[in-house]
Amino acid sequence: MSDGGGSRDAPSAVRMEGVGKWFGTFQALTDIDLDVAQGERIVICGPSGSGKSTLIRCMNRLEPAQRGKIFVDGIELTAGPKNVEKVRREVGMVFQQFNLFPHMTVMENCAIAPRKVRGVDRVEAERRARHYLERVRIPEQAEKYPAELSGGQQQRVAIARALCMNPKLMLFDEPTSALDPEMVKEVLDTMIDLAQEGMTMLVVTHEMGFARRVADRVIFMDRGEIVETAPPDRFFDAPEHKRTRAFLGQISH
Amino acid sequence: MIREFGTGEITFILLAVRWTLVLSAIAFAGGAVGGLLVAMARISPNRWLAGSAMVFIRFFQGTPPLMQLFLVFFGITIFGIDVAPLTAAAIALTLHASAFLGEIWRGCIQAVPSGQTEASWALGLRYGMRMRHIVLPQAARIAVAPTVGFLVQLIKVTSLASIIGFVELTRAGQIINNATYEPFLVFGLVALVYFAICWPLSLVARRMERRFARIAAR
């Protein structure tokens, strides 16, 4: 299997059809339909508990959806474990808590998945790691352990680690929420660079400045439903739904 | 015919230590292999496997080690097989150690934050790779101190093998005491030898615990 994109007509990066998800009796996602085109940048926002993290966690099956179908890059994720493996190879994810491997150096963190999952040899994996560490502007930290880095640096390593798998799609689950305020910018700048290079991105965040600047579409979720989807200018300046207006009112003042 | 408690007697006791160490080593090595299997079974999503591992652990936690030893020693002889005391003790204590280490290590594996597993999944690492490269190395760090702590317990438990006639440190003490009638002297020496083995290990365990607590706090 090659790392690069296929030559067939590009399917949607993500397509969700009638997806439902429950935690026990609590319904976390209700009847979600969503179509994300290749190269699209989507920001997902909403109050806490609205299901926005669950939504993107369903896209690489960190959470199994119990109803509906999910296609990622044309592969039906909901069709069995083989497809889950395929999808996970093509989807990068960045977590709120970074989740770097603390017993490995930055270099090893970046090289492990290409080596073990893609079968890339050590030299090539490390070359690739150095390349992406330069792109997130911390090549000099390669031999350090995660605990020796600041939060912002750790999150940039996490982005580089995901990129080393050459993913077709990147998921960001509140990537700046655990960071000290002075470190938010360096991570957002890295994400903006990535967006400008054409990466397909789904970002759960409260950073509305980032949404305005980068997003093609903003999705507002509440109580497990997609309430409103719109391009950023319309979303922020003329939201249609009352719940959206209430939410925007709360976060901007 | 009472014998004097002299250098010959002391040497006899000191030489018997090697059998205590041999039995401890066998039980610990066997228990390490068994314990890893038990721990992996215990956290397996397969209910049948996890259930059997739990029954195994509960049995060994809920019965005295001496009964476990008797069950193996007399249990095997029922089938007309003559079993050497060392063999019986080694089997019984290996099973004993497998259960306890299995439960200790299960806790250590589950103490590795779930974010580590999620990150491994997100990168496409499969079960075996995730365990080998991500989860177990981190669990091992947490496990060192309680594992050494259990080894100390195990060394002391080997004294029970004296009851089925295996001549290790405690049994050697009994033999010498039967000849010299100097119980305080003899068992004082025996206790001192156990202490000389176990105390340094306890110190090591405590130091490692502090070291890993410091690393975790970083």
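Sequence order as written defines the numbering, with residues in each chain counted from 1. Lettering of chains starts at A and numbering of ligands starts at 1, both following the order in which they are written. Local features are withheld for residues below a pLDDT of 70 in this predicted model, meaning they are given only at 70 or higher, and side-chain atom pairs are given and counted only at 80 or more; totals for whole chains, interfaces and linings count all residues. Side-chain metrics rest on all non-hydrogen atoms present in the structure, leaving aside hydrogens and water.

Draft legend 1. Geometry of the overall build of chain A. Along the backbone of chain A there are nine helices and ten strands. Based on C-alpha atoms, the radius of gyration is set beside the globule rule, defined as 2.2 Å times the residue count to the power 0.38. A compact globule built from 253 residues would reach a C-alpha radius of gyration of about 18 Å, and chain A, at 18 Å, matches this within 12%. The principal-axis extents of the C-alpha atoms in chain A amount to approximately 55 × 45 × 35 Å. Burial classification: accessible surface area is computed with a 1.4 Å probe over protein chains only, and a residue below 20% of its type maximum counts as buried, one above 50% as exposed, and the rest as partly exposed. For chain A, the proportion of its 253 residues judged to be buried stands at 56%. Across chain A, every contact between residues at least 6 apart in sequence was considered, and the portion connecting residues at least 24 apart equals 67%. To measure how exposed things are, a 1.4 Å probe is used in the Shrake-Rupley method; for residues, cover is taken only from the protein chains shown. Only carbon and sulfur atoms are counted for the fraction: they give 46% of the accessible area of chain A, which is about 10,900 Å². Think of it this way: any DSSP run of H or I at least four residues long counts as a helix, any run of E at least two long counts as a strand, and we number them from the N terminus. Pairs of residues are marked as contacts when any of their non-hydrogen atoms sit within 4.5 Å.

Draft legend 2. Representation of a positive patch on the surface. On the surface, a cluster of positive charge is made up of R141, R206, R207, R210 and R211 of chain B. The topology assignment puts R207 of chain B in helix 8 (residues 183-217). Patches were defined on residues exceeding 30% relative accessible area and lacking a salt bridge, with like-charge contacts within 9 Å and nonpolar side-chain contacts (Val, Leu, Ile, Met, Phe, Trp, Tyr) within 5 Å. A side-chain nitrogen of Lys or Arg and a carboxyl oxygen of Asp or Glu constitute a salt bridge if their distance falls within 4 Å. In this tally, Lys and Arg are treated as positive and Asp and Glu as negative; His is ignored, and so are the chain termini. Working definition for charges: the position is that of NZ of Lys, CZ of Arg, CG of Asp or CD of Glu.

Draft legend 3. Region of interest: the interface of chain A and chain B. Taken together, the 22 residues of chain A in the interface contact 18 residues of chain B. Interface area, chain A with chain B, both sides summed: about 1,800 Å², of which 64% is carbon and sulfur. Taken together, chain A and chain B are joined by two salt bridges. The closest approach of N and O atoms between R126 of chain B and E85 of chain A, which form a salt bridge, is 3.1 Å. In protein, a polar contact means a hydrogen-donor-capable atom and an acceptor-capable atom, both N or O and within 3.5 Å, with residues adjacent in sequence counting only if both atoms are side-chain atoms; elsewhere, any N or O pair within 3.5 Å suffices. Taken together, chain A and chain B are joined by five residue pairs in polar contact (both at pLDDT 80 or more). In this description, buried area is defined as the sum, over both parts, of the accessible area (probe of 1.4 Å) that is lost when the two are combined.

Draft legend 4. Seen up close, the sheet that holds strand 1 (residues 14-23) of chain A. Residues and elements named next belong to chain A. Overall, antiparallel pairing links the four strands, which are arranged 2-1-4-5 in an open sheet. The sheet is open, and its two edges are formed by strand 2 (26-36) and strand 5 (75-76), each paired on a single side. Any two strands are treated as partners once DSSP identifies two or more bridges connecting them. Where strand 4 (residues 67-72) lies against strand 5, two bridges are found, and the strand directions are antiparallel. Within strand 5, the position partnered with F71 by the bridge is E76.

Draft legend 5. Focus on the side chain of N60 of chain A. Position of N60 of chain A relative to the elements: it lies in the loop between helix 1 (52-57) and strand 4. Here N60 of chain A falls in the buried class, since its relative accessible area comes to 0%. With sequence-adjacent residues up to four places away left out, N60 of chain A is seen in contact with L77, V87, R88, V91, M93 and L171 of chain A together with A122 of chain B.

Draft legend 6. Structural context of the confidence of the model for chain A. You can read pLDDT as the predictor saying how much it trusts each residue, on a scale of 0 to 100. Here chain A shows a mean pLDDT of 93. Residues at 70 or above account for 96%. Contacts for the low-pLDDT stretch residues 1-7 of chain A, under 50 throughout, to residues beyond four places or in other chains number seven contacts.

Draft legend 7. A look at the side chain of N99 of chain A. Relative to the helices and strands, N99 of chain A resides in the loop between strand 6 (91-94) and helix 3 (106-117). A relative accessible area of 11% places N99 of chain A in the buried class. For N99 of chain A, the side chain forms a polar contact with the main-chain oxygen of G115 of chain B, separated by 3.2 Å.

Draft legend 8. Layout of the pattern of salt bridges. All names here are of chain A. Summed over all chains, the structure comprises 25 salt bridges over all chains. Put simply, E17 and R15 hold a salt bridge, and the shortest N to O gap is 3.0 Å. Taking relative accessible area as the criterion, E17 reaches 32% and is therefore assigned partly exposed. Since its relative accessible area comes to 30%, R15 is described here as partly exposed. Between R135 and E197 there is a salt bridge whose closest N-O contact spans 2.5 Å. One end of the pair, R135, is in helix 4 (residues 122-135); the other, E197, is in the loop between helix 6 (181-196) and strand 8 (200-204), and 62 residues separate them in sequence.

Draft legend 9. View of the packing of aromatic side chains. In this analysis, rings of Phe, Tyr and Trp, with Trp reduced to its six-membered ring, are considered paired at centre separations within 6.5 Å, and the interplanar angle assigns stacked below 30 degrees, edge-to-face beyond 60, and tilted for intermediate values. Evaluated as defined, the whole model comprises nine aromatic pairs over all chains. Ring centres 5.5 Å apart and planes at 55 degrees place the aromatic pair F70 of chain B and F74 of chain B in the tilted group. With F70 of chain B and F74 of chain B both in helix 3 (residues 65-78), this residue pair falls four residues apart, about one helical turn. The exposure class assigned to F70 of chain B is partly exposed, which follows from its relative accessible area of 24%. When its relative accessible area of 43% is taken as the criterion, F74 of chain B is described as partly exposed. Through a chain of ring-to-ring contacts, the aromatic side chains of F56, F59 and F60 of chain B assemble into a single cluster. Across from the ring centre of F71 of chain A, 4.6 Å away, lies the NZ or CZ of R15 of chain A, which sits over that ring. Charge-over-ring placement is defined geometrically: NZ (Lys) or CZ (Arg) within 6 Å of the ring centre, and within 35 degrees of the ring normal.

Draft legend 10. Region of the structure containing the pairing of strand 3 (residues 41-45) of chain A. Residues and elements named next belong to chain A. The buried fraction of strand 3 amounts to five of the five residues, a majority that puts the element mostly inside the structure. Burial of strand 3 is two-sided: the residues R41, V43 and C45 facing one way and the residues I42 and I44 facing the other way are all buried. Where strand 3 lies against strand 8, four bridges are found, and the strand directions are parallel. Paired with R41 across the bridge in strand 8 is M201.

Draft legend 11. The pairing of strand 4 of chain A, seen in detail. Residues and elements named next belong to chain A. Relative to strand 4, strand 1 runs antiparallel, the two being bridged by five bridges. When the bridges of strand 4 are listed, M16 appears paired with I70. If you look at the hairpin formed by strand 4 and strand 5, you'll find two residues sitting between the two strands, and D73 has a positive phi there, around 55 degrees.

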